[in-house]
Amino acid sequence: MLNKDTASQEFTSYYLQQSTKEFAEDLDKVRSADDFKGDAVAMLVKSLQQGTTLFSAVDQKRVLDARKSAGSEKE
C-alpha cells in the first residue's frame, strides 16, 4: 500500500504524462512561439501540476488503483 506522499507523487507523475499526451499539439505550439523562453518551461510544468489539486486524495487513489488494475489485466 502506498503512503500518502508516494501516492500523491505517483498521481502527479501520471497526471502530467496524461496531460502532456492530451495537450501535445498545444504544448508544441506554445514551445515554438517566438516569446517562449527557457524559464517558461518550469512555469508551464508548475501550471500543469496545479491541475492535480482538483483531485482529492480519495480520487487520486481511485485513479491510481484503476490504472494498476488495468495494467495487471494486460499481463
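Residues numbered from 1 in each chain as written. Predicted model: local features only at pLDDT ≥ 70, side-chain atom pairs only at ≥ 80, totals over all residues. Heavy atoms only, no water.

A. Quick look at the overall build of the protein chain. Within the protein chain, the secondary structure is distributed over four helices and zero strands. Of the regular secondary structure in the protein chain, the N- to C-terminal order runs α-α-α-α. Here the C-alpha atoms of the protein chain give a radius of gyration of 15 Å, more than 25% beyond the 11 Å that 2.2 N^0.38 yields for 75 residues. On the principal axes, the C-alpha backbone points of the protein chain span a range of 45 × 25 × 15 Å. Entry remark: accessible area of the protein chain is about 6000 Å², with carbon and sulfur atoms responsible for 54%. Taken together, the 11 basic and 13 acidic charged side chains of the protein chain have centroids lying 4 Å from each other. (Helix = DSSP H or I, 4+ residues; strand = E, 2+ residues; numbered from the N terminus. Rg over C-alpha atoms; globule rule 2.2 N^0.38 Å. Areas by Shrake-Rupley, 256 points an atom, 1.4 Å probe, with all protein chains shown as cover. Lys, Arg positive; Asp, Glu negative; His and termini not counted. Charge placed at Lys NZ, Arg CZ, Asp CG, Glu CD.)

B. Structural detail: the pattern of salt bridges. Under the defined criterion, the tally for this structure stands at five salt bridges. Between R67 and E10 there is a salt bridge whose closest N-O contact spans 3.9 Å. Here the residue R67 occupies a position in helix α4 (residues 57-74), and E10 occupies one in helix α1 (residues 4-22), the gap between them amounting to 57 residues. R31 serves as the salt-bridge partner of D28, at 2.5 Å between the closest nitrogen and oxygen. Note that D28 and R31 are positioned in helix α2 (residues 24-31) at a spacing of three residues, about one turn of the helix. Residue classification places D28 among the partly exposed positions, given a relative accessible area of 39%. A relative accessible area of 52% means that R31 is categorised as exposed. Each of E10, R67 and K68 takes part in a single network of salt bridges with overlapping partners. (Salt bridge = Lys/Arg side-chain N within 4 Å of Asp/Glu carboxyl O. Buried < 20%, exposed > 50% of the residue type's maximum accessible area, 1.4 Å probe, protein only.)

C. Layout of the environment of L27. Relative to the helices and strands, L27 is located in helix α2. Taking the C-alpha atoms as reference points, L27 and A57, 30 residues apart in sequence, are found 28 Å from one another. Aside from chain neighbours lying at most four places away, what touches L27 is T20 and L44. (Contact = heavy atoms within 4.5 Å.)

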